[in-house]
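The chain contents come next:
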Amino acid sequence: MYTIKLFLIIAPLVISSRTDQDYTSLDSISPEPKSRFAMLDDVKILANGLLQLGHGLKDFVHKTKGQINDIFQKLNIFDQSFYDLSLQTNEIKEEEKELRRATSKLQVKNEEVKNMSLELDSKLESLLEEKILLQQKVRYLEDQLTDLIKNQPQIQEYLEVTSLKTLVEQQDNSIKDLLQIVEEQYGQLNQQQSQIKEIENQLRRTGIKESTEISLSSKPRAPRTTPSFHSNETKNVEHDDIPADCTIIYNQGKHTSGIYSIRPSNSQVFNVYCDVKSGSSWTLIQHRIDGSQNFNETWENYKYGFGRLDGEFWLGLEKIYSIVMQSNYILRIELEDWKDKYYTEYSFHLGDHETNYTLHLAGIFGNGPKAFPEHKDLMFFTWDHKAKGHFNYPESNSGGWGYHDVCGENNLNGKYNKPKAKVKPERKEGICWKFQDGRLYSIKATKMVIHPSDSENFE
């Protein structure tokens, strides 16, 4: 480039000098011939300039050619890299499709396992009920057999008792087989969960977001304890190997909320809902969430319980009494309105049916309202059961509850109303709670749970 610029500067100077000389020769009076040597010098200068220009152009062409070759080499490398990336992208897409297909298959298998597990649970419960009935019959027949042996029984009656014993043994074997199948199904379910979690991790590593959620992320089912029944069954809790309280179930390593079987001292076996919180398990005795269960029940229903343990229910005064008579217990009441949550804990004592299950509360603790009077006996009433000599409990009041000397407005077993009811009589019949400011609030959900005050001594 520098040579070309030099040539472009020199060439006009040479041409202009020659032109000036021609004009001068024409204007000159004396016609002196131009020197030939001067012309040769000009030609040499011009030739030298052209030669330098040619060399410059040649160098420029070589340099440009080298740059073009470098560019082509870089383009080839880029094309190869782009081709390799496209191959890798296709492979990742294929792996993603395979993982999605595997996930779908595992989800289908998991649903099948869940359905099988539910069917087995229902069959197991029916078999347990049949077993209880058969064992009662066997005990009755054993008593009869003892009397018959003393009175020289006939052979036919003895054969009938023997056949019944054989039938009970067959039922026991069937129940054991079903329990083993249920355990295998739970093992398969856990394996399916681990496989799906591994597939989720692989999908996250490829940087691809899943469009659907995996159904196994739902809350796990709470295990059920299976009570053992024997023909020589006694009321000793340790002999039956059935826990007497949710606290013992938690200490046995079962830390999931759900339905379990318990047998308090001097009581029959019954199911309860164990609510795990604060590093322990509480026995749920009352639960209301949506008003699906009618709580305006009779005295008999409040005595023995009603509703569903996995929904709204009242456990039953007789069952509650059989639990709390074993030790000192804490009563915790949890309230939830449409904005906030509250709780209150009491140390309490519950009487038996002869005292109308009188409740005595003390030691209030928590952020909830102090609606129950302390150190006073609260007798339990329903619309069809009133203690003689006590205040009048109107039949218009819905749901059973404990009162002292007046039928107050705090009733967590009342009719379930919508929030912010405008009419006061309607509000009085609903789930009402009277706060310290004197106003009544409509409660959205309630829980009443109990727990031993000293769980170590309780065990």
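These numbers were taken from a predicted model, which means no experiment stands behind them.

Now for the overall build of the protein. Counting its regular elements, the protein contains nine helices and 13 strands. Burial status across the protein gives 35% buried among its 459 residues. Contacts spanning at least 24 positions in sequence make up 56% of the contacts within the protein whose residues lie at least 6 apart. Within the structure as shown, the protein displays about 29200 Å² of accessible surface, and the carbon and sulfur contribution to it stands at 53%.

This paragraph deals with the state of the cysteines. According to the stated counting rule, one finds one disulfide in the structure shown. The disulfide bridge from C246 ends at C274, spanning 2.0 Å between sulfur atoms. One disulfide, between C246 and C274, carries an S-S torsion of -80° and so falls in the left-handed class. With C246 in helix α5 (residues 246-251) and C274 in strand β2 (residues 270-277), the pair connects residues that are 28 residues apart, well separated along the chain. Like C246, the residue C274 is buried in the burial classification.

To continue, consider unusual backbone geometry. Despite not being glycine, N266 has its phi angle at roughly 55°, a positive value. Along the chain, N266 falls in the loop between β1 (258-262) and β2. One non-glycine residue, N356, lies in positive phi territory at about 60°. Tracing the backbone through its elements, the reader meets N356 in the loop between β7 (341-350) and β8 (359-366).

Attention now moves to the nonpolar core. In terms of nonpolar packing, the biggest core is built from 44 residues, with W314, L315, L331, F348 and I450 touching the most fellow members. Setting aside residues up to four positions removed in sequence, W314 forms contacts with I285, Q286, F295, N301, Y302, G305, F306, I320, F380, N413 and M448. Residues L120, L124, L178 and V182 belong to the second largest nonpolar core, which totals seven residues.

Across eight bridges, strand β6 (residues 329-336) lies against β7 in antiparallel orientation. Pairing of I330 across the sheet is with S347, part of β7. If you look at the hairpin formed by β6 and β7, you'll find four residues sitting between the two strands.

This paragraph deals with a nonpolar patch on the surface. A contiguous nonpolar patch, built from I68, I71, F72 and L75 and spanning about 390 Å² of accessible area, is present on the exposed surface. Checked against the element boundaries, I68 lands in helix α2 (residues 36-150).

Enumeration according to the criterion identifies eight salt bridges in this entry. In this structure, K277 and D275 form a salt bridge, with 3.3 Å as the shortest nitrogen-oxygen distance. With respect to burial, K277 and D275 carry one shared label: buried. In this structure, E334 engages R332 in a salt bridge whose closest nitrogen and oxygen atoms are separated by 2.7 Å. There is no split in this pair, since E334 and R332 are both buried. The structure contains a network of salt bridges with shared partners spanning D275, K277, R332, E334, E345 and K447.

Summarising burial for strand β3 (residues 280-288): nine of the nine residues are buried, a large majority. In the sheet, β2 pairs with β3 via five bridges, with the strands oriented antiparallel. By the bridge assignment for β3, Y273 is matched with L284. Counting the residues that bridge the hairpin from β2 to β3 gives two residues, and of these S278 lies at a positive phi of roughly 55°. Two strands pair when backbone bridges link them, and β3 and strand β13 (residues 445-452) are joined in this way by five bridges, in the antiparallel orientation. The residue bridging Q286 from the neighbouring strand is M448, located in β13. In this sheet, strand β5 (residues 313-314) lies alongside β3 in antiparallel orientation, the contact comprising two bridges. Bridge pairing in β5 links Q286 to W314.

Counting through the fold element by element, I431 comes out in the loop between α8 (424-429) and β11 (432-434). The class for I431 is buried, based on a relative accessible area of 3%. Taking the C-alpha atoms as reference points, I431 and N417, separated by 14 residues in sequence, lie 6.8 Å from one another. Among all residues touching I431, those that are not within four sequence positions of it are R288, N411, L412, G414, K415, Y416, Y441, S442, I443 and T446.

Our next topic: the confidence of the model for the protein. Confidence in the prediction of the protein, expressed as mean pLDDT, is 76, and 69% of residues score 70 or more. The low-confidence segment residues 208-239 (pLDDT under 50) makes 70 contacts with residues lying over four places distant or belonging to another chain.

So, about the packing of aromatic side chains. All told, the structure shown has nine aromatic pairs when counted by the stated rule. Summarising the aromatic geometry, the rings of F78 and F82 are spaced 6.4 Å apart at their centres and angled 25° between planes, so their arrangement reads as stacked. With F78 and F82 both in helix α2 and four residues apart, this pair spans about one turn of that helix. Each member of the pair, F78 as well as F82, carries the same accessibility label: exposed. Look at Y302 and F306: their rings are 5.1 Å apart centre to centre, the planes differ by 85°, and that puts the pair in the edge-to-face class.

Thresholds, definitions, all that
- All residue numbers refer to positions counted from 1 along the written sequence of the respective chain.
- Only residues with pLDDT of at least 70 are given local features in this predicted model, and only at 80 or more are side-chain atom pairs given and counted; all residues enter the totals for whole chains, interfaces and linings.
- In computing side-chain values, all of the structure's heavy atoms are included and hydrogens and water are not.
- Each helix corresponds to a stretch of at least 4 residues labelled H or I by DSSP, and each strand to a stretch of at least 2 residues labelled E; elements are numbered beginning at the N terminus.
- Buried means the residue's accessible area, taken with a 1.4 Å probe over protein chains only, is under 20% of the maximum for its type, while exposed means over 50%, and partly exposed covers the values in between.
- We call two residues in contact whenever any of their non-hydrogen atoms come within 4.5 Å of each other.
- Using the Shrake-Rupley algorithm and a 1.4 Å probe, accessible areas are obtained, with residue cover drawn only from the displayed protein chains.
- Disulfide assignment relies on a single distance test, namely cysteine sulfur atoms paired within 2.5 Å.
- Buried residues of nine kinds, namely Ala, Val, Leu, Ile, Met, Phe, Trp, Tyr and Cys, make up a nonpolar core once their side-chain atoms join them within 4.5 Å.
- For two strands to count as paired, DSSP must find a minimum of two bridges between them.
- The patches reported here contain residues having more than 30% relative accessible area and no salt bridge. Joining distances are 9 Å for like charges and 5 Å for nonpolar side chains (Val, Leu, Ile, Met, Phe, Trp, Tyr).
- Salt bridge, as applied in this entry: a Lys or Arg side-chain nitrogen positioned within 4 Å of an Asp or Glu carboxyl oxygen.
- Across the chain, each position has a pLDDT score giving the predictor's confidence in that residue, from 0 to 100.
- For Phe, Tyr and Trp, where Trp contributes only its six-membered ring, two rings pair if their centres lie within 6.5 Å, and the inter-plane angle classes them as stacked under 30 degrees, edge-to-face over 60, or tilted in between.

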